[in-house]
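# Survey of secondary and tertiary structure
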Amino acid sequence: MGKLTIQIIRAILCYLGIALAGYALYIEIRKKTDKDYQASCDINEKMQCSKVLTSDYSTGFGLVAPILGDDHPLNIPNPILGVLYYTLQAILALSWNRTSSLFLVFINCIAVVSSIYLASILYFVLLDFCIVCVSTYLVNGLQLLTNIVSLYYVDGGDKKMVYKKKKLQ
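Residues numbered from 1 in each chain as written. Predicted model: local features only at pLDDT ≥ 70, side-chain atom pairs only at ≥ 80, totals over all residues. Heavy atoms only, no water.

## Looking at the packing of helix 4 (residues 78-93) against helix 6 (residues 131-154)
One can describe the packing of helix 4 onto helix 6 by two numbers: an axis separation of 13 Å at closest approach and a directional angle of 20°. Judged by the inter-axis angle, helix 4 sits roughly parallel to helix 6. Taken as a pair, helix 4 and helix 6 cross one another with a handedness that is left-handed. Counting all contacts with helix 4, which are made through Tyr 85, Tyr 86 and Gln 89, the residues of helix 6 involved are Thr 136, Val 139, Asn 140, Gln 143 and Asn 147. (Axes fitted to C-alpha atoms, helices over the stretch in contact; angles between N-to-C directions. Helix = DSSP H or I, 4+ residues; strand = E, 2+ residues; numbered from the N terminus. Parallel < 35°, antiparallel > 145°, perpendicular 65-115°, else oblique. Left-handed = near helix turned anticlockwise from the far one by under 90°. Contact = heavy atoms within 4.5 Å.)

## A closer look at the state of the cysteines
Note on terminology: disulfide describes a covalent bond linking the sulfur atoms of two cysteines. By the definition in use, this model includes one disulfide. Note that Cys 41 is cross-linked by a disulfide to Cys 49, the S-S spacing being 1.6 Å. Disulfide Cys 41-Cys 49: the torsion about the S-S bond is 65°, which places it as right-handed. Each member of the pair, Cys 41 together with Cys 49, is buried. (Disulfide = S-S within 2.5 Å. Buried < 20%, exposed > 50% of the residue type's maximum accessible area, 1.4 Å probe, protein only.)

## Side note on the side chain of Gln 89
Along the polypeptide, Gln 89 turns up in helix 4. We classify Gln 89 as buried; its relative accessible area is 2%. For Gln 89, the side chain forms a polar contact with the side chain of Asn 147, separated by 3.1 Å. Excluding anything up to four places from it in sequence, Gln 89 contacts Cys 14, Leu 104, Ile 107, Asn 108, Gln 143 and Asn 147. (Polar contact = N/O pair within 3.5 Å; in protein donor to acceptor, adjacent residues only side chain to side chain.)

This is the structure:
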């Protein structure tokens, strides 16, 4: 796997993340303005993404409103944070250096921890399954793997392995 392959995978994951977050935001806004709206991901009683995306946990991760209030500027919809996050990932991924790669892994770790938190809320509190949400969690996990691999390549890991093999022969 080379630099170009990693860049393509990163781009695909970022665009997929932006699309998922955009769709989640669309569902959230549409459901709040039209109570009769049924999203295409509302499959049955236990698989309703619109129920999840309009819950108290869909803004500020469900943490901001109880502490700072519903009207606080930090209590924004989670999908907006997602679009900003994936856009930042896409911009930083254009730079192929150690500093940006380390920062990508760092913010990606935060995203994965957030995904684990939201997945536990989804499963244990809301007792629902949201295809859009789970797809986002999957994208975050794949991004972390891709960013770790890219850090390996930026650090010259592929060249070090070739050097070690030559040295052993």
